[in-house]
Amino acid sequence: MNMKTKNEKMNNKTFPTRFMLFMATCALVLGSCTEDAVEPEAETSVRPKAEVEAQQESQFVTKYFLGDAVKVELEEDGTYSLAGTDIRLFEDQLSDSPDAYDPNPVPGEELSGLAQHGSIRKWPDNTVYYVINGLSSSVRSELQKSFDEWTSKTNVRFKERTNQSNYVTISSSGSNSNSGVATLGMYGSSGYIKLGTRATAVVIIHELGHTLGYIHEQNRADRDDHIIINIENIQPDAVDQFYKNTSAIYLTSDFDINSTMMYGSYTFSKNGQPTITDLNGNILPQRQASLSPLDIEGTNVAYPSTDGGGSPEPGADLCDTAEEFSSNKAYSVGDYVTYYGRLYQRDYTRWNYIKTCN
Ligand SMILES: [Zn+2]
């Protein structure tokens, strides 16, 4: 779900949503679109003429995201939109060279500055801190439903910020639509979610997935084994966002067309024909205001119940149970290792220091 956030142009316009997400258990990736019964794919359907004109003025530039070339556009708030999707990236989450991203980082590298570019961070202690700024009571109600969906089924928790330095600000985009945009992962005090005035839980659950660090499911490199992308039906300037991400860490082994991070069949259609179908050419199920079983499984991989260095059981210590880091082994988000007497947990793009082992 994505919409442009050009401030002064935004009133009176309905912005299309372009989403992108993929999770899937995904890797850092999760995604889906929002469609509801009243307005199927409200935010992803036909683009208003004004939007198309504005898009023609857009300046896409090529950057590297997780090692893959992507087209991005500089937004007025200083973030970059990933080829017209609802994901907003900060400059240092992108790089000018594919070499700046290391898919197999070594614990402690972040201290040397080697792992700065392309960094996507998960939330410590499974807890997302938030500040709400000016949402209507109806959107606030949908937001609460969305929090409840995540917290009732996964280890993730949402707490109102008191004095935490890392938090996400949730506010209105001013767009009269069921849509949203979100920054990716934890990013100091700068992360945000901006919601349209008619945003429902279908959209908000998806945007919270981006906050947790997930990208869109259809960007998985193995997606062609599960879905068909009909390039000929995609709006020309949206084609680039259907790229395959080769470096994202998958949180689940299976592709998930039911993921909240999965696009709908008509997302970014230019002609009313489906942009995505299953391998038999059938339309995908509409995204619901709920997490899929694999969304839940993948989230509990990225955010395991022992997150933050806590003990899996009273008396146990992860320093005793975690294996020594090996450069020959592939790691998943949420894994713990020890390295030179220190305990680390794998983040999406780096290792996070947890504590020194005795
Ligand atoms: Zn999205």
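Bear in mind that the values here come from a model prediction, so they are computed numbers and not experimental data.

### What about the state of the cysteines?
1) Next: Across all of its chains, the model carries one disulfide by this definition.
2) Next: Between the sulfur atoms of Cys 319 and its disulfide partner Cys 357 the distance amounts to 2.0 Å. Sign of the S-S torsion, about -80° for the bond between Cys 319 and Cys 357, identifies this disulfide as left-handed. Taken together, the residues span a long stretch of sequence, with Cys 319 in helix α6 (residues 318-321) and Cys 357 in the segment after β15 (351-356) at a distance of 38 residues.
3) Next: Of the residues examined, Cys 319 reaches a relative accessible area of 15% and is grouped as buried.

### Describing the pattern of salt bridges
1) Next: Counting across every chain of the model gives 12 salt bridges.
2) Next: With its nearest N and O atoms 3.0 Å apart, the salt bridge here joins Lys 63 to Asp 96. A residue pair is termed long-range when its members are at least 10 positions apart, and Lys 63 in strand β1 (residues 60-65) and Asp 96 in the loop between β4 (87-89) and α2 (109-112) qualify at 33 residues.
3) Next: Of the residues examined, Lys 63 reaches a relative accessible area of 13% and is grouped as buried.
4) Next: Using a relative accessible area of 61% as the deciding quantity, one classes Asp 96 as exposed.
5) Next: The partner of Lys 153 in a salt bridge is Glu 149, and the shortest N-O contact between them spans 2.6 Å.

### Brief notes about the UniProt feature "binding site: Zn(2+)" (unreviewed entry) in the protein chain
1) Next: With numbering aligned to this structure, UniProt lists the feature "binding site: Zn(2+)" (unreviewed entry) at His 206, His 210 and His 216.
2) Next: Residue position: His 210 is located in helix α4 (residues 201-211).
3) Next: Among the polar contacts listed, one links the side chain of His 210 to the side chain of His 206, at a separation of 3.1 Å.
4) Next: Looking at the element boundaries, His 216 is found in the loop between α4 and β10 (227-229).
5) Next: Of the residues examined, His 216 reaches a relative accessible area of 0% and is grouped as buried.
6) Next: Among the polar contacts made by the side chain of His 216, one reaches the side chain of Asp 86 at a distance of 3.1 Å.

### Observations regarding the sheet that holds strand β8 (residues 180-183)
1) Next: What the nine strands build is an open sheet, ordered β1-β2-β3-β4-β8-β9-β7-β5-β6; its pairing is mixed. Each edge of the sheet is formed by a strand with only one pairing partner; in this case those strands are β1 and β6 (157-160). Sheet twist, expressed as the average angle between the axes of neighbouring strands with direction ignored, equals 35°.
2) Next: When β4 meets β8, the two strands line up parallel, connected through two bridges. From the neighbouring strand, Arg 88 faces β8, where its bridge partner is Thr 183.
3) Next: In this fold helix α3 (residues 137-153) packs onto β5 (127-133), β6, β7 (168-172) and β9 (191-195), with an angle of close to 140° to the strand it touches most, β6.
4) Next: Where α4 meets the sheet, it contacts β4, β5, β6, β7, β8 and β9, and its direction lies at approximately 15° from that of β8.

### Here's the deal with the packing of aromatic side chains
1) Next: Within the structure shown, the criterion is met by 12 aromatic pairs.
2) Next: Ring centres of Phe 90 and Tyr 187 lie 3.8 Å apart, and the angle between their planes is 10°; this geometry places the pair in the stacked category. Of this pair, Phe 90 sits in the loop between β4 and α2 while Tyr 187 sits in the loop between β8 and β9, and the two are 97 residues apart along the sequence.
3) Next: Here Tyr 187 falls in the partly exposed class, since its relative accessible area comes to 24%.
4) Next: Between the aromatic rings of Tyr 331 and Trp 351, the centroid separation amounts to 5.0 Å while the plane-to-plane angle is 80°, which identifies the pairing as edge-to-face.

### Quick look at the sheet that holds strand β12 (residues 323-324)
1) Next: Taken together, four strands build an open sheet; the order of strands is β12-β13-β14-β15 and the sheet is mixed. Two strands in the sheet have a free side with no partner beyond their single neighbour: β12 and β15.
2) Next: Sheet analysis places strand β14 (residues 342-346) next to β15, joined by five bridges and oriented antiparallel. Across the sheet, Leu 343 pairs through a bridge with Lys 355, a residue of β15.

### Some thoughts on the nonpolar core
1) Next: Counting 47 residues, the largest nonpolar core has Phe 65 and Tyr 214 as the members making the most contacts within it.
2) Next: Two domains each donate at least three residues to this core, and these are domain 1 (61-212) and domain 2 (217-284).
3) Next: Apart from residues lying up to four places away in sequence, Phe 65 is in contact with Val 70, Leu 82, Leu 89, Gln 93, Leu 94, Ile 120, Leu 184, Ile 215, Tyr 243 and Asn 245.
4) Next: Membership of the second largest hydrophobic core comes to 11 residues, among which are Ile 229, Ile 234, Phe 242 and Met 262.

Reading the values: the criteria
- Residues numbered from 1 in each chain as written.
- Predicted model: local features only at pLDDT ≥ 70, side-chain atom pairs only at ≥ 80, totals over all residues.
- Heavy atoms only, no water.
- Disulfide = S-S within 2.5 Å.
- Helix = DSSP H or I, 4+ residues; strand = E, 2+ residues; numbered from the N terminus.
- Buried < 20%, exposed > 50% of the residue type's maximum accessible area, 1.4 Å probe, protein only.
- Salt bridge = Lys/Arg side-chain N within 4 Å of Asp/Glu carboxyl O.
- UniProt positions renumbered as here; feature names shortened; annotations may be inferred.
- Polar contact = N/O pair within 3.5 Å; in protein donor to acceptor, adjacent residues only side chain to side chain.
- Pairing = 2+ DSSP bridges.
- Axes fitted to C-alpha atoms, helices over the stretch in contact; angles between N-to-C directions.
- Contact = heavy atoms within 4.5 Å.
- Phe/Tyr/Trp six-rings, centres within 6.5 Å; stacked < 30°, edge-to-face > 60°.
- Core = buried A, V, L, I, M, F, W, Y, C linked by side-chain atoms within 4.5 Å.
- Domains from an automatic or database assignment.

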